[in-house]
Amino acid sequence: MFLSVVGLSTVRAADVEGMVKIQHKLTKHRVTAPTSSYERGAAVRLASDHADDPLTFERMRVVIYLEGQLASDPLTATMEQKNRMFIPDTLVIPAGSTVSFPNLDPIFHNVFSLSKPKTFDLGNYPKDHTRTITFSKPGIVYVDCHLHPNMAAVIVVTPNQWSAKADAAGRIVLAGVPPGSYTVVAWHRAAGFFRQTIRVAENRANIVSFVIPLEENGAMAVAQR
Amino acid sequence: MRFATRTFLWSFIPFAFLLLGSFWAIQKLVEHTVRDGLRSSLRQTHLSIARVRSENELQNSRFLKMLGENATLKAGLKLILAEPKRGDARLTVEDQLREICETLHVDFLLVSDPEGAPLAGVMRFDEQLVAMDIARIRPPQRGLMTAGQRAYQVVSTPIDQGEENIGILSVGELFDFSEFTTPALLAHNGTILKSSIPGIPLEEVASALKGCKEQSECEVRLRGETYISLPLESIYFGEGYVLRSLQSIDSASRPVQAILRNVFLIAGLGALLAAMILSVLCSRSIGKPIKVMVSDLRESEKTGLLPEFHATRSSIQEIRDLRESFNRAGAAIREARKALHRAYVEFVGSLASALDARDRYTAGHSRRVSEFSCAIAHAVNATSEELDEIRIGALLHDIGKIGIADSVLQKPGRLTKEEYTIVQQHPTIGRRILEGVHAFQRYLAIVELHHENWNGTGYPWGLRGDATPLGARIVHIVDAYDAMTSDRPYRRGMSHEDAIRVLQENAGTQFDPEIVPIFEKITNIALERRPAISTSVPELQSIHNLADAVNEAELVPKGLIAKDT
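Please read all numbers here as calculations on a predicted model, not as lab measurements.

Rules used throughout
Residues numbered from 1 in each chain as written. Chains lettered and ligands numbered in written order. Predicted model: local features only at pLDDT ≥ 70, side-chain atom pairs only at ≥ 80, totals over all residues. pLDDT = per-residue confidence, 0-100. Contact = placed C-beta atoms within 7 Å. Helix = DSSP H or I, 4+ residues; strand = E, 2+ residues; numbered from the N terminus. Nonpolar A, V, L, I, M, F, W, Y, C, P; charged D, E, K, R; others polar. Axes fitted to C-alpha atoms, helices over the stretch in contact; angles between N-to-C directions. Parallel < 35°, antiparallel > 145°, perpendicular 65-115°, else oblique. Left-handed = near helix turned anticlockwise from the far one by under 90°. Expected span 1.5 Å × (residues − 1). Buried ≥ 20, exposed ≤ 12 C-beta atoms within 10 Å, placed from the backbone. Pairing = 2+ DSSP bridges. Core = buried A, V, L, I, M, F, W, Y, C linked by C-beta atoms within 7 Å.

Chemist: I tried to follow the confidence of the model for chain A on my own but got confused; where do I start?
Modeler: Do not read the fine detail of predicted coordinates wherever pLDDT is low. Residue and element names in this part refer to chain A. On average, residues of chain A score 79 in pLDDT, and 78% of them reach the 70 mark or higher. Segment residues 30–44 is flagged for pLDDT under 50; beyond a separation of four residues in sequence, or across chains, it makes 17 contacts in the model. Ignoring residues within four places in sequence, the model shows residues 216–225, a span with pLDDT below 50, making eleven contacts including any to other chains.

This is the structure in structure tokens:
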């Protein structure tokens, strides 16, 4: 599956565009109160689904990137801790990037990960403190907080600079991809990886589209996570 | 008091007391049983509560162990232990606890360091989870903790990290009386904290319970009702806390007692009524023969007779015996009465004879006067009583002559004026002799007044006409007749005809003019019956014969019967 394109610098780049289509809701979001609350009969504020269309929510958490050791342009990103949430909860960065985790809540937070590409624990720190860490290996890094089990985020460390998140409508754009054959990967936290090969050529539309998850009989399903 | 009344009282009163006493005892017994039953059911309730609660506690302890293994909580605890001075560290843990509280719906969560000093905690207060003021809270390892007006039941579990104990987690629930089906109260060192007994202030309950020992069952009086209080020992609330049930026995047993009271009232009144009827019947059956007996006696008292009672009239042995003995007594009295009468008559007769015997000329005088007087009295239809009075009175009429010297009485020849005056005293003397004897009272009139004349010229009082009693008037006439017809030493007696003539001449002056003709008739009849002695004065029946003819009963004063019986 590794079809790499050589001599990128000499070739004029082209954009890869496409659509992500989400079949149904993927993220489990608890919307009901615990049973004991009902038993007790007290008024509870129910956790609600995301304000947007659930499918929009899912689409916006689909990450697209190209496989292969291509040019990488490390950057510095920020993942805030606010209202007991990581914001954003999905972050895409090329390998070698540094992420800063500022705590904006009046309480302590803790940032840690047990994921293979980067295992770390930034420890507990109070409001207005921040800690940073650099992700050098590509992969999926799940980030959690020891103190708040409901807090969860994911950092997708891509092997190169061509990566993007789908927008609300599910549109995807990878700009300036040098012509050649590539494997385009779509990843969703719950659904997993979806791969497609594409030949990118200049002066024509390079369209790629994903249906997540696959049709029921599409067999491949959620493999290779 | 009547015999029947006495019998009734003696049978009814003990019976009534016995009945009332036994009903009272039964009522008390039943009451006691009801109370015991209530007490044991209360104990059963306690046992079942205790069982439920111990099951709950077991579950809670498992749940608590799980809670102690909460990794997030451990992280929070470690954070707070690492940053003990920082408020936001506490805030972080409180935030965690709040979340656990919401999820598990407990009312009280607190973490303490291994020494038990509180670090952070939240508790439910008006449905809000508020942070605890940890400086002022010292929760027990296990038991009741009061915060504000609320009491929380707290259980603790250690939080271990590996082998090391890093703190203690205390979980509590609001203590809720509504779990108990019986009214209960919670006390701490004698102070009532909470009570589910409506309408009675806590202080009043506390003072009533003052006498109760900490962990024992006791009975208390509260507002006039008896309450039973049992400590709920199965639930441990910590040092000094006691949870007691407090239930009114009175109100619980009231319906049963009301039924009992009704039953006993009806049964008791019925039994009393039955006892009363039985007693009345009993007393009547005892009293009736006696009543009959008494009425018989009354009857005999009224008549003055002592009749024979029919011993067979009563079926009761004692009454028959009584009747028989009464009959025997009556017979004895009658016999005695007869003897007395005989003695009396004999006495009077002998007295009269003694008097007459002083002088052969006057021999038989008293007897004759008595016979004739009786005959006259009979002719004028005198009553038997008057007849008797006249008969005896006539026998005794000259008794006063005992006190007059023989020289005067037996003087041959005419009496001088002085001697005559002495003789004239004999009625008064006679009265004096007899008036000392009660039995002779009736005859005094004849003895004293048999010399009073019809026209008032007689002695000793000079009474006129009817003022002199009939008996005395009769005896006056017969005495004069017998005196005239008797021989005297100095003269012969007059013939019958001459004597009658003298009487007739003096009728209306000296003698009662109505009796003289009657006397005349009687003497004539007597003479006709005995022609052989026609020339002489008529000889009448002997005193004894005549006395026998008189009704025996009439001789004995009536009062005697009444007194003797």
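Chemist: When you look at the interface of chain B and chain A in this model, what are you seeing that I'm missing?
Modeler: As a measure of interface size, the accessible area lost when the parts come together is often cited. Between chain B and chain A, the residue contacts involve 15 residues of the former and 15 residues of the latter. Breaking the side of chain B that touches chain A down by element, the ones donating at least two residues are helix 2 (71–82) and helix 3 (87–104) of chain B. A per-element tally of the side of chain B that touches chain A places helix 3 of chain B first, with eight residues. A breakdown of the residues in the side of chain B that touches chain A according to their chemical character gives five nonpolar, six polar and four charged.

Chemist: Before we go on, may I ask you to explain the packing of helix 8 (residues 384–396) of chain B against helix 13 (residues 470–485) of chain B in this structure?
Modeler: Describing two packed helices takes the angle between their axes plus the distance from one axis to the other. Residues and elements named next belong to chain B. Direction vectors running N to C along helix 8 and helix 13 enclose 45 degrees, while the axes themselves pass 10 Å from each other. Classified by the angle between their axes, helix 8 and helix 13 sit oblique to one another. Crossing handedness for the pair helix 8 and helix 13: right-handed. Residues Glu386, Glu389, Ile390, Gly393 and Ala394 of helix 8 form the contact with helix 13, whose participating residues are Gly471, Ile474 and Val475.

Chemist: What should I look at first to understand helix 8 of chain B in this one?
Modeler: Since the α-helix advances by 3.6 residues per turn, residues separated by three or four positions end up pointing in the same direction. If you check helix 8 of chain B, its first and last C-alpha atoms are 18 Å apart, about what 13 residues at 1.5 Å a residue would give, namely 18 Å. Of the residues making up helix 8 of chain B, those classed as buried are Leu387, Asp388, Glu389, Ile390, Arg391, Ile392, Gly393, Ala394, Leu395 and Leu396 of chain B.

Chemist: Looking at this structure, how should I read the environment of isoleucine 26 of chain B?
Modeler: Residues and elements named next belong to chain B. By the secondary structure assignment, isoleucine 26 is in helix 1 (residues 3–68). With 15 C-beta atoms packed within 10 Å, isoleucine 26 lands in the partly exposed category. Sequence separation of isoleucine 26 and leucine 260 is 234 residues, and the distance between their C-alpha atoms is 9.9 Å.

Chemist: Mind showing me how you'd approach the environment of threonine 72 of chain B here?
Modeler: For threonine 72 of chain B, the location among the structural elements is in helix 2. Expressed as a C-alpha distance, the spacing of threonine 72 of chain B and leucine 97 of chain B, which sit 25 residues apart in the sequence, is 9.9 Å. When sequence neighbours within four positions are dropped, the list of residues in contact with threonine 72 of chain B reads His146, Leu147 and Pro149 of chain A together with Gln96 of chain B.

Chemist: How do you make sense of the sheet that holds strand 4 (residues 142–147) of chain B when you look at a structure like this?
Modeler: Each strand in a sheet pairs with another by means of backbone hydrogen bonds, the pair being arranged parallel or else antiparallel. Residues and elements named next belong to chain B. An order of 3-2-1-6-5-4 is seen for the six strands of this open sheet, with the pairing classed as antiparallel. Strand pairing shows two members of the sheet lacking a second neighbour, strand 3 (128–131) and strand 4, which therefore form its edges. With strand direction ignored, the average angle separating the axes of adjacent strands in the sheet is 25 degrees. Bridging between strand 1 (residues 108–112) and strand 2 (residues 118–125) involves five bridges; their strand directions are antiparallel. Paired with leucine 110 across the strands is glycine 121, a residue of strand 2. Across the sheet, helix 3 lies against strand 1, strand 2 and strand 3, angled at about 40 degrees from strand 2, the strand it touches most.

Chemist: Is there a simple way to think about the nonpolar core in this case?
Modeler: Generally speaking, nonpolar side chains in soluble globular proteins are found buried as a group. One finds Ile64, Ile155 and Ala186 of chain A to be the most contacted residues of the largest nonpolar core, which totals 86 residues. Contacts of isoleucine 64 of chain A, omitting those with residues within four sequence positions, involve Ser163, Ala164, Ala166, Ile172, Leu174, Val184 and Ala186 of chain A. Core analysis: the next-biggest nonpolar cluster, separate from the first, contains 36 residues, Val345, Ala394, Leu449 and Ala472 of chain B among them.

Chemist: So what exactly am I meant to see when it comes to unusual backbone geometry here?
Modeler: One can expect most non-glycine residues to show negative phi and most peptide bonds to be in trans. Residues and elements named next belong to chain A. At the junction of isoleucine 87 and proline 88, the peptide bond is cis and its omega measures out at -5 degrees in the coordinates. Structurally, the position occupied by proline 88 is in the loop between strand 5 (85–87) and strand 6 (90–94). Within the chain, arginine 84 stands out as a residue other than glycine whose phi angle is a positive 60 degrees. Within the element layout of this structure, arginine 84 appears in the loop between strand 4 (80–82) and strand 5.

Chemist: What is the right way to read the pairing of strand 6 (residues 164–174) of chain B from this model?
Modeler: Taken residue by residue, a regular strand's side chains alternate between the two faces of the sheet. Residue and element names in this part refer to chain B. For strand 1 and strand 6, the ladder comprises five bridges, and the chain directions are antiparallel. Paired with serine 112 across the two strands is isoleucine 168, which belongs to strand 6. For strand 5 (residues 150–161) and strand 6, the ladder comprises ten bridges, and the chain directions are antiparallel. Counted as the bridge partner of aspartate 160 is asparagine 165 from strand 6. Taking the residues between adjacent antiparallel strands as the criterion, strand 5 and strand 6 are bridged by two residues, where glycine 162 takes a positive phi near 65 degrees.

Chemist: Got a minute to help me understand the confidence of the model for chain B in this structure?
Modeler: Residues and elements named next belong to chain B. Taken over all residues, the pLDDT of chain B has a mean of 80, while the share at 70 or more is 90%. Low confidence marks residues 531–565, where pLDDT is under 50. Its contacts with residues over four positions away, or in another chain, come to 44 contacts. For this predicted complex, the interface confidence comes out at an ipTM of 0.71, alongside a pTM of 0.53.

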